[in-house]
2 protein chains.
Amino acid sequence: MLRKVGAFDPVPRDDLLERINGLRRLMANAGIDFALLIQNVDCFYFAGTMQKGMLVVPLDQDPLIFVEKGTERALMETPLTVTPVKNDKEIKKILIDRDILKGMAGLELDVVPVSMFDRLKRVIGFDRYADVSELIREVRAIKSPFELVQIHKSGEMLAHVFAKARDVVREGKTELEIDAALVAEGRKVGHQGFLRMRGINQEMMTMTVQAGYTGAISTMLDGPITGVGVTPAIPQGSSFKKVERGIPVTIDYGGGYNGYITDETRSFVVGELQEVFRKPYETARLIIEDVMTYGKAGTDCTEIFSRSYKIAKKAGLEEYFLGHGDGKVAFIGHGLGLEINELPVLTARHSRALKEGMVFAFEPKFVLPPYGAIGIEVDFIVRENRLERVTKNSIDIVQL
Amino acid sequence: MLRKVGAFDPVPRDDLLERINGLRRLMANAGIDFALLIQNVDCFYFAGTMQKGMLVVPLDQDPLIFVEKGTERALMETPLTVTPVKNDKEIKKILIDRDILKGMAGLELDVVPVSMFDRLKRVIGFDRYADVSELIREVRAIKSPFELVQIHKSGEMLAHVFAKARDVVREGKTELEIDAALVAEGRKVGHQGFLRMRGINQEMMTMTVQAGYTGAISTMLDGPITGVGVTPAIPQGSSFKKVERGIPVTIDYGGGYNGYITDETRSFVVGELQEVFRKPYETARLIIEDVMTYGKAGTDCTEIFSRSYKIAKKAGLEEYFLGHGDGKVAFIGHGLGLEINELPVLTARHSRALKEGMVFAFEPKFVLPPYGAIGIEVDFIVRENRLERVTKNSIDIVQL
């Protein structure tokens, strides 16, 4: 019944077991004996359900999916065994009975708040503990074939929305009108409703449209083009700024299918693109074409960053590359999956070789105050010998 | 320039100073000497800006608004003094120079993750600490006249969207089609883009539409009618379920203006409402009419809960009231403001007198598996001698 309305598209059992085993291998290396997972996305990744409760992954026993609320749904969502419980005390009792509460506990210290941690420590009663988040992020960085299917479907949704944008972007329309129409288009075909970004204060819009100087004002969000929004209470996203002839409109949109996020940006222009934006746009395109000539499993993320930077510098545009002033960001790409800030991060600072099955958004963008911003963002799957685009849609600027 | 596109509607200086003084009074009572605030919403509430950084509120000195990114915007957004910094070490130096780092530190332990807390403790270097979150929640529970203006504007946006729903709800349409069209309607007129809910794993849709049995399936979200969504990765919200004749469609929507959330629910039906839903709907209406006869500053939240419960029980509907089975929630109302789970919480368990200036959503709802759900939700402002509706729109079921 739930499948009919789209709400039930479960993660295969083998995928879940492979993910759990991947985590266990890293836990064993790190000396962690059992993981207590709380965050909804991590629980979903390893258990296939995020109904309210806790996921416990011991090194040498079956995982325990404890559910306090939404039990009926959890039973439908996961092929693994669910253990309904009323509260944390019951969880403690079961963990003691199974002799799990010994040695080093692993918790998601990057997201679990202090007061919740203190309560868990008191009620569940573990002694030594370590951060298991980086291990989880490592496992999640490599996508399985099932996950890549979800990402492709998310990309199809995104391509559909960008195709519709040709009919929606018009001179005189506000960023918000364009945003509203296109987000609705995605939602109608089953967009999951929102995108997730890991960590406190990390908030994402599904779409952000910038039609001029609003693309050139920096704000707190860690992205090169973030928009000014409609209030200092949410200082990002689309605004009442209207589309003007010759000034590019950047549309940054995230598909969302069965949890999996895609994240691309296209530029649109009514009439002839103003001179100041032409070289930046061509340079963004060059950077994308370049990475596709050499990127593959084994390529170091810092190499991609520095080669891209050199192309921007050669064009004399390094001051505007990836933001301007205190709005400049340190990365040109970021991993995609159930969250929009997964591994890998493509910066100059962190050496990391791409691995087969990684998925990342790549976003050469230029911010040109006070005029506006322009850029392209595409999503890549890392293959053994190449980078594969998630969508097949054109990266050309769309002239209207 | 930013005001023109809607992005700049600042909080008045006097409001900010009054809020900070309110917090200081509670800090003094609790023995907290200085607060280090990190969460974006708390920072916005006390500083008028949430650009990236930290807000430090000492008991006996001016607050320090440290900004690392988005400085230019922070300077426009807040009438208070901004201190641009590069990193936390600089913050530490300034705090030491001003002799602020002594005594008891207050932090938002309900939202600050363990690893961030550990880093702050190490880098900033405070010794004793306490949770300041409950104090912040108490201050935020009472809305100023400026805040009530924002809430009224948020309510106008909400009323506009519900008025449009009459044209959108039709037999055969999917929940998602209705959701997409109405969310777009709100966004076009300047909806801020998303709603906030405090705490880990607390995620909110701007709208959720239920057109039958999808309203009767419980999930992890702490609400009586949550929807099934389109994926186990986001198990809430609208789905591909279609509107059927005689079966009520509940639409739960949150307005969002300048940070302030309103949250109401209306029921719609194509044709004659099926018998099973009639008494529940009339009972929901009775409960709202009843609370308006006695609710005012001084009324205890537990009294409101128990009186409402008695009306449901008298109608023989207590089994279905506020959810069914493990989906039953413990509250009939919740505070509204910058977050959707503010104080007061209206439950049977926590005695608390309503105070003038509090704002809360009141949601008598019935969940009737396997048929569906029906209910009403309205927002109230607590006045000295009454409860005032935020919007003036009708609570009648809309027959189409």
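Located above this text is the structure these notes cover.
Here is a short report on the structure shown in this document. Note that this is a predicted model, so its numbers are computed, not measured.

1. Section: helix α10 (residues 301-314) of chain A
Residue and element names in this part refer to chain A. The end-to-end C-alpha distance of α10 is 20 Å, a good match for the 20 Å that 14 residues give at a rise of 1.5 Å each. Those residues of α10 not exposed but buried are Cys301, Thr302, Ile304, Phe305, Ser308, Ile311 and Ala312. Looking at the packing, one finds that the buried side of α10 touches α9 (275-294), β10 (331-335), β11 (342-347), β12 (359-362) and β13 (365-368). Immediately downstream of α10, the backbone of Gly316 shows phi near 75°, a positive value.

2. Quick notes on the interface of chain A and chain B
Across the boundary between the two partners, chain A contributes 77 residues, which contact 77 residues of chain B. Both sides together, the interface formed by chain A and chain B hides about 6600 Å², and carbon and sulfur atoms give 62% of it. Of all residues in chain A, Lys69, Arg187 and Pro232 of chain A give up the largest surface area on contact with chain B, accounting jointly for 11% of the area buried on that side. Where chain A meets chain B, there are four salt bridges. A salt bridge links Glu203 of chain B to Arg196 of chain A; its shortest N-O distance comes to 2.6 Å.

3. Remarks on the pattern of salt bridges
Any two side chains of opposite charge can pair if their charged atoms end up close together. Residue and element names in this part refer to chain A. For the structure shown, the criterion picks out 62 salt bridges over all chains. In this structure, Glu18 and Arg25 form a salt bridge, with 3.3 Å as the shortest nitrogen-oxygen distance. Between Lys188 and Glu185 there is a salt bridge, with its nearest N and O atoms 3.7 Å apart. On the criterion of helical spacing, the pair formed by Lys188 and Glu185 is a turn pair, its members being three residues apart in helix α8 (residues 175-188). Salt bridges sharing partners connect three or more residues here, namely Asp42, Asp110, Arg140, Lys143, Arg198, Glu339 and Glu342.

4. Quick notes on the sheet that holds strand β6 (residues 128-131) of chain A
The pairing of strands in a sheet happens through backbone hydrogen bonds and is either parallel or antiparallel. Residue and element names in this part refer to chain A. If you walk across this open sheet you meet the six strands as β4-β3-β2-β1-β5-β6, and the pairing is mixed. With partners counted over all chains shown, the strands left at the sheet margins are β4 (82-84) and β6, one partner each. Shown here is a sheet whose adjacent strand axes are inclined to one another by a mean of 25°, direction ignored. The strands touched by helix α2 (residues 40-47) are β1 (34-37), β2 (52-58) and β3 (64-69); relative to β2, the strand with the most contacts, the crossing angle is about 55°. Across the sheet, helix α4 (residues 88-97) is in contact with β1, β2, β3 and β4; its angle to β3 comes to roughly 160°.

5. Comments concerning the relation of the copies chain A and chain B
Taken as rigid bodies, chain A and chain B are interconverted by a rotation of 180° and an axial shift of 0.0 Å, the fit giving an RMSD of 0.0 Å. This pairing of chains is accounted for by a two-fold axis. No C-alpha of chain A approaches the rotation axis more nearly than that of Pro113 of chain A, which lies at 1.9 Å.

Each value, and the rule that gives it
- Residues numbered from 1 in each chain as written.
- Chains lettered and ligands numbered in written order.
- Predicted model: local features only at pLDDT ≥ 70, side-chain atom pairs only at ≥ 80, totals over all residues.
- Heavy atoms only, no water.
- Helix = DSSP H or I, 4+ residues; strand = E, 2+ residues; numbered from the N terminus.
- Expected span 1.5 Å × (residues − 1).
- Buried < 20%, exposed > 50% of the residue type's maximum accessible area, 1.4 Å probe, protein only.
- Contact = heavy atoms within 4.5 Å.
- Buried area = accessible area lost by both parts, 1.4 Å probe.
- Salt bridge = Lys/Arg side-chain N within 4 Å of Asp/Glu carboxyl O.
- Pairing = 2+ DSSP bridges.
- Axes fitted to C-alpha atoms, helices over the stretch in contact; angles between N-to-C directions.
- Least-squares fit on C-alpha atoms with pLDDT ≥ 70 in both.

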